Amino acid sequence: KAGVTQTPRYLIKTRGQQVTLSCSPISGHRSVSWYQQTPGQGLQFLFEYFSETQRNKGNFPGRFSGRQFSNSRSEMNVSTLELGDSALYLCASSLGSHNTEAFFGQGTRLTVV
Amino acid sequence: QQQVKQSPQSLIVQKGGISIINCAYENTAFDYFPWYQQFPGKGPALLIAIRPDVSEKKEGRFTISFNKSAKQFSLHIMDSQPGDSATYFCAASLGNAGNNRKLIWGLGTSLAVNP
């Protein structure tokens, strides 16, 4: 069974640009969560999607948005990039509302210059 | 506000020793406490998890001890090996209406096991 796939693995963008990250969950998983990981801040929850609906949202500005498609694949978009957005962005998938184990992808390393 | 406090931030242990990482939580409604292990360049992976109706859970060399009254739980790694060198995260989860769950994470502990 294929794991969680995140693309691209690495990205370099300049301030003010926007970026879209992609996540393909494990087959059959309907929940996708996104996290920002930075040294010293740990894993910061961005949002969770389940069956194309945003179910939970973290405390991030509106520049961070996401969506989920009918095949459960999810995208995350960050607009007007800031230097502080440089981080590892992780996607996690799980079966659904009754299953708590989250399976993580390898992440996308975003560097904003 | 950090709802799950993890300590220490970093830990160095000799091969064969015991690694102990502690977490404390505030919300007594949390009902699922997992530990995740993350190697460099990889995403976190579930290591072991416990629910508050038991005080201890053991899987191989890894043990979670849970103290409900103190609102604390800890990870013990027995006979620590260099291959255990990784960052460990504790988390807590709360189920709400509709069984939606969100994991609240500790800040992580970087473990180095010296050969």
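Data block above holds the structure.
Report on the accompanying structure. (Residues numbered from 1 in each chain as written. Chains lettered and ligands numbered in written order. Predicted model: local features only at pLDDT ≥ 70, side-chain atom pairs only at ≥ 80, totals over all residues. Heavy atoms only, no water.)

### Notes on the nonpolar core
Here is step 1: B:V4, B:F33, B:W35, B:F73, B:L75 and B:Y88 are the most contacted members of the largest nonpolar core, which has 25 residues in total.
Here is step 2: Per-element accounting of this core gives the leading share, four residues, to strand β9 (residues 86-95) of chain B.
Here is step 3: Grouped together as the second largest cluster of nonpolar side chains are 21 residues, A:L21, A:V32, A:F47 and A:Y89 included. (Core = buried A, V, L, I, M, F, W, Y, C linked by side-chain atoms within 4.5 Å. Buried < 20%, exposed > 50% of the residue type's maximum accessible area, 1.4 Å probe, protein only. Helix = DSSP H or I, 4+ residues; strand = E, 2+ residues; numbered from the N terminus.)

### Re the sheet that holds strand β8 (residues 74-78) of chain A
Residues and elements named next belong to chain A.
Here is step 1: In spatial order, the strands read β1-β3-β8-β7; together these four strands make up an open sheet with antiparallel pairing. Looking at the sheet topology across the chains shown, the edges are occupied by β1 (5-7) and β7 (64-68). Sheet twist, expressed as the mean angle between neighbouring strand axes with direction ignored, is 15°.
Here is step 2: Sheet analysis places strand β3 (residues 19-24) next to β8, joined by five bridges and oriented antiparallel. Note on β8: the bridge partner recorded for C23 is S74. (Pairing = 2+ DSSP bridges. Axes fitted to C-alpha atoms, helices over the stretch in contact; angles between N-to-C directions.)

### Examining the layout of surface pockets
Empty space among the atoms can be located by rolling a probe the size of a water molecule over them.
Here is step 1: Within this model, the largest pocket holds a volume of roughly 590 Å³.
Here is step 2: Together, 29 residues line the largest pocket, and A:Q37, A:P39, B:Q38, B:T87 and B:F89 are the ones closest to its centre.
Here is step 3: Among the elements of the structure, β4 (31-38) of chain A together with β1 (4-7), β9 and β11 (109-114) of chain B are those that each provide at least two residues to the lining of the largest pocket.
Here is step 4: When grouped by side-chain class, the residues that make up the lining of the largest pocket number ten nonpolar, 15 polar and four charged. (1 Å grid on protein atoms, 1.4 Å probe; cavity = no way out; pocket = protein on both sides within 12 Å on 5 of 7 lines; lining within 4 Å. Points joined across faces, edges and corners; volume = space filled by probe spheres on them. Nonpolar A, V, L, I, M, F, W, Y, C, P; charged D, E, K, R; others polar.)

### Details of the interface of chain B and chain A
Here is step 1: In this assembly, 18 residues from chain B lie in contact with 22 residues from chain A.
Here is step 2: Both sides together, the interface formed by chain B and chain A hides about 1700 Å², and carbon and sulfur atoms give 52% of it.
Here is step 3: Our count for the contact surface shared by chain B and chain A stands at zero salt bridges.
Here is step 4: Between the two partners, chain B and chain A, sit four residue pairs in polar contact (both at pLDDT 80 or more).
Here is step 5: At the level of elements, β4 (33-38) and β10 (101-105) of chain B are the ones that each hand at least two residues to the side of chain B that touches chain A.
Here is step 6: No other element matches the four residues that β10(B) contributes to the side of chain B that touches chain A.
Here is step 7: Split into classes, the residues belonging to the side of chain B that touches chain A amount to eight nonpolar, six polar and four charged. (Contact = heavy atoms within 4.5 Å. Buried area = accessible area lost by both parts, 1.4 Å probe. Salt bridge = Lys/Arg side-chain N within 4 Å of Asp/Glu carboxyl O. Polar contact = N/O pair within 3.5 Å; in protein donor to acceptor, adjacent residues only side chain to side chain.)

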